Every structure is written in C-alpha cells, then in structure tokens.
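Here's the letter readout for the chains.
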Amino acid sequence: MAEQYCPRMFDSLVHLVHHRRSSLLAFCVLNFVFSVVAILENLLVIRALMKASTIPATVKKLFLSLAFSDLAVGLCSQLMIAIIIASILKMASSGNNTAFFCPTVLGVQLYFAHLLATASFLNVIVIAFDRLLAVSLHLRYQELITPKRVNIALVSLWFISCITAVIFVFLPTSNEIVTAVILMTGYVLTTVAYVRIYKVVKYHQNQIYSQNQLQNAQTRQVLRQKKSAYNAIFVYLVFLACYLPFVPSTILYMTNGISFFVAHFASIFLIFLNSSLNPLVYCWRYREIRQSVKSTVKKLFHMNENVT
C-alpha cells in the first residue's frame, strides 16, 4: 500500500532537511522555476501544434499528446513536489510536525509523477515506432496508420499510464527496481527502432542518388519522411539524456540506502526537466512551430505594452 512506500520517501526527505538542507532548497527552487517554464513553453507549443498545417496529422496527434503530458508535469508533478519540499523545510525549521504528509500528500504526488512520466515515456516509444512504420511502409502507411487508430493508441497509452501509476503507489514491493527494468527495456526497443529508421532512410537516400528514374513525388516523400524521422530522433535523444540517469541512481538508492538519495532526487529532477526541453526541440526542428511561437510571444508583449 501507499502507507508502506511513503515513509521511506518521507524519511529520506527529512534526512535531507537535517543534513543536506541546501541541496533540498536548491531542488525546491529549481522545480518551482522549471515548473513555470514547462507550463508556459508547452502552452505555446500546444497552440502552435494545433495551428500547424505542414505537420502530418498522425505526427501532430502524437506530439500533442506528449506536449499535454509535459504541460501536466509542470502543473502537477513538478509544482507539487516544489510546494511539498518548501512546506517540509518551513515546518521543520519551526519545529512543527510534518508527518501528515504521509501517506495522502506524497501519495498523490507520486501517483501523478509516475502517471505523467509513464505517459511521456510511452509517447516517445509510440513516436519512434510510428516513424519506423512511416519510413518502412511508404504509401501504405496512410492506409494502415489512420487518425482513428492513432486515437485508439493514445487512449490505450494513457489508460496504461493510469494503471501503472496505481500499481506503483499501492503495490510498492520492489516497484522502483521494476520501473528501472521497464525503462531499460523501453530504451532498448526505442533505440533498436531508431537504428532501423536510420538504416531504412540511408537505403532510400542511396536509391535516390543511384537511380534517376525515381519520380519527383517519390523523392519528396522520402525526404519528408527522412526529416520527420530525424526530428523524432532529436526528441528521443533529449528524452534519453533526461530519463537514463534514473536507472543507475535508483539501483544505487535501493541497494545502498539514503546516502544516494541526493543522486536519486537529481535524476527525478532531470525527468521533470525533460518537459521544459521538449518544446525547445519542437521550435528548433519545426520551422512552422517556431514561427507560431514567436508570433504569439510578440502579440503578448505587444498587448502588455498597450496595457501599460
């Protein structure tokens, strides 16, 4: 139950309050600042994605799902943990009892954190295999990967995320080790998918150079698929950089105890940080999104100048 898992997490936080207060304060400030950044960035990106006309419909749906999960990370998971840490620091300094945080408050935060992290993780995996199908199936892709099927996949993705979050909080036996194993499996599968994408794109690129009989329409289609695949790869690389440290830090924390909790907490912050980095990748790789975000920001500043 959550009552079993929460005390271990809470005891670690209390230990940091007394022995690594500056580290815990830094985590609090960073999470609060980047929660605001994640909220603002993803609101801008969601608006830009909804207006985008050059991005394929299926890709747009997948990136919108990822952007919504990133927005929810800023609104719920990251902001909640910042408020919880700030409250624990304040109450501990004044000598008040902080035990009421367990199990309800920390349990709710853990549920949303795991739900949204799982949703982001599954979104990245689905995007990888969607791009693999796009470069492999060519014209058959639009016949097989319809908007309806993408919607079903996304609903299933979020449903699975909700179920795994419930299991994580209410059945906590070795759940962090299990999570680390699942993450490593996902990393391997997604990496294999992108390696395969690279080989297929390279093969088609060689065909374009060696065979002049390919029609212009076919060439443009291959180049669009190549660009879309590379855009997804950059999203995956940023995701990998943010999520991968969680695996070794979790193993060290579970096997060596509280001495590695700072490293474990830092890896959790990196997972939250991914929600602030993804919008930057979208703006970098998609010109239409970048232009839309710039236009929105200019309008907001222009409105602010008129008000003042």
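As annotated in an unreviewed UniProt entry, the chain carries the name G-protein coupled receptors family 1 profile domain-containing protein and comes from Porites lobata. According to the UniProt record, the Subcellular location (unreviewed entry) comment for the chain is "Cell membrane".

Participant: Whenever I open this one, the overall build of the chain confuses me. Can you help?
Facilitator: Scanning the chain from N- to C-terminus turns up 11 helices and 0 strands. Helices (α) and strands (β) of the chain occur, in sequence order from the N terminus, as α-α-α-α-α-α-α-α-α-α-α. A buried classification covers 46% of the 308 residues belonging to the chain. Long-range contacts, defined here as pairs at least 24 residues apart, represent 83% of the contacts in the chain between residues at least 6 apart. For the chain, the exposed area adds up to about 15700 Å²; of that, 69% sits on carbon and sulfur atoms.

Participant: Even after reading the chapter, I still don't get helix α6 (residues 147-170), so can you show me in this structure?
Facilitator: An α-helix turns once per 3.6 residues; consequently, residues spaced three or four apart project the same way. The end-to-end C-alpha separation of α6 is 35 Å, in line with the 34 Å expected for 24 residues at 1.5 Å each. Three or more residues of α6 are buried, namely Val150, Leu154, Leu157, Ser161, Ala165, Phe168 and Val169.

Participant: I would appreciate a short explanation of the packing of helix α2 (residues 21-51) against helix α10 (residues 261-285) in the present structure.
Facilitator: Any two packed helices are characterised by the angle at which their axes cross and by the distance between the axes. For the pair α2 and α10, interaxial distance at closest approach is 9 Å and the crossing angle is 20°. Relative to α10, the element α2 lies roughly parallel. Handedness of the α2/α10 crossing: left-handed. Residue-level contacts link Leu24, Phe27, Leu30, Asn31, Phe34, Val37, Ala38, Glu41, Asn42 and Val45 of α2 to Val262, Phe265, Ala266, Phe269, Phe272, Leu273, Ser275, Ser276, Leu277, Pro279, Leu280 and Tyr282 of α10. The class makeup of the residues in the contact of α2 with α10 is 17 nonpolar, 4 polar and 1 charged.

Participant: Explain the UniProt feature "transmembrane region" (unreviewed entry) in the chain to me, please; I cannot follow it from the model alone.
Facilitator: Under the present numbering, the feature "transmembrane region" (unreviewed entry) in UniProt falls on residues 24-50, 62-89, 109-129, 150-171, 177-197, 228-246 and 258-284. The straight-line gap between the two end C-alpha atoms of residues 24-50 is 38 Å; of that span, 100% is helix and 0% is strand. Secondary structure across residues 62-89 comprises 100% helix and 0% strand; the distance between its end C-alpha atoms is 39 Å.

Participant: Even after reading the chapter, I still don't get a nonpolar patch on the surface, so can you show me in this structure?
Facilitator: A cluster of nonpolar side chains, Phe159, Ile160, Ile163, Val166, Ile167, Phe170 and Leu171, forms an exposed patch at the surface whose accessible area comes to about 650 Å². Tracing the chain through its elements places Ile167 in helix α6.

Participant: I keep staring at the packing of helix α9 (residues 246-256) against α10 and nothing clicks. Help me out?
Facilitator: Following both chains from N to C, one finds α9 and α10 inclined at 150°, their axes separated by 8 Å at the closest point. Judged on the interaxial angle alone, α10 and α9 are roughly antiparallel. α10 is crossed by α9, and the crossing has left-handed handedness. In this structure, α9 uses Phe246, Ser249, Thr250 and Tyr253 to contact α10, whose residues at the interface are Phe261, Ala263, His264, Ser267, Ile268 and Ile271.

Participant: When you look at the nonpolar core in this model, what are you seeing that I'm missing?
Facilitator: Leu49, Phe63, Ile85, Tyr194, Tyr243, Phe265 and Ile289 are the most contacted members of the largest nonpolar core, which has 73 residues in total. Per element, the largest residue contribution to this core is 13 residues, and it comes from helix α4 (residues 104-137).

Participant: Looking at this structure, I do not really get the packing of aromatic side chains. What am I missing?
Facilitator: The geometry of an aromatic ring pair is captured by two quantities: the separation of the ring centres and the angle between the planes. Counted according to the given criterion, the structure contains 10 aromatic pairs. Both rings, one in Phe34 and one in Phe269, keep their centres 5.8 Å apart while their planes meet at 70°; by these two values the pair is edge-to-face. Placement of Phe34 in helix α2 and of Phe269 in helix α10 is noted, with a sequence separation of 235 residues between them. Ring geometry for Phe121 and Tyr187: centres 6.0 Å apart, planes at 90°, overall edge-to-face. Highlighted residues: Phe121 in helix α4 and Tyr187 in helix α7 (residues 175-210), separated in sequence by 66 residues.

Thresholds applied
- Residues numbered from 1 in each chain as written.
- Predicted model: local features only at pLDDT ≥ 70, side-chain atom pairs only at ≥ 80, totals over all residues.
- Heavy atoms only, no water.
- UniProt positions renumbered as here; feature names shortened; annotations may be inferred.
- Helix = DSSP H or I, 4+ residues; strand = E, 2+ residues; numbered from the N terminus.
- Buried < 20%, exposed > 50% of the residue type's maximum accessible area, 1.4 Å probe, protein only.
- Contact = heavy atoms within 4.5 Å.
- Areas by Shrake-Rupley, 256 points an atom, 1.4 Å probe, with all protein chains shown as cover.
- Expected span 1.5 Å × (residues − 1).
- Axes fitted to C-alpha atoms, helices over the stretch in contact; angles between N-to-C directions.
- Parallel < 35°, antiparallel > 145°, perpendicular 65-115°, else oblique.
- Left-handed = near helix turned anticlockwise from the far one by under 90°.
- Nonpolar A, V, L, I, M, F, W, Y, C, P; charged D, E, K, R; others polar.
- Patch = residues over 30% accessible without salt bridge, like charges linked within 9 Å, V, L, I, M, F, W, Y side chains within 5 Å.
- Salt bridge = Lys/Arg side-chain N within 4 Å of Asp/Glu carboxyl O.
- Core = buried A, V, L, I, M, F, W, Y, C linked by side-chain atoms within 4.5 Å.
- Phe/Tyr/Trp six-rings, centres within 6.5 Å; stacked < 30°, edge-to-face > 60°.

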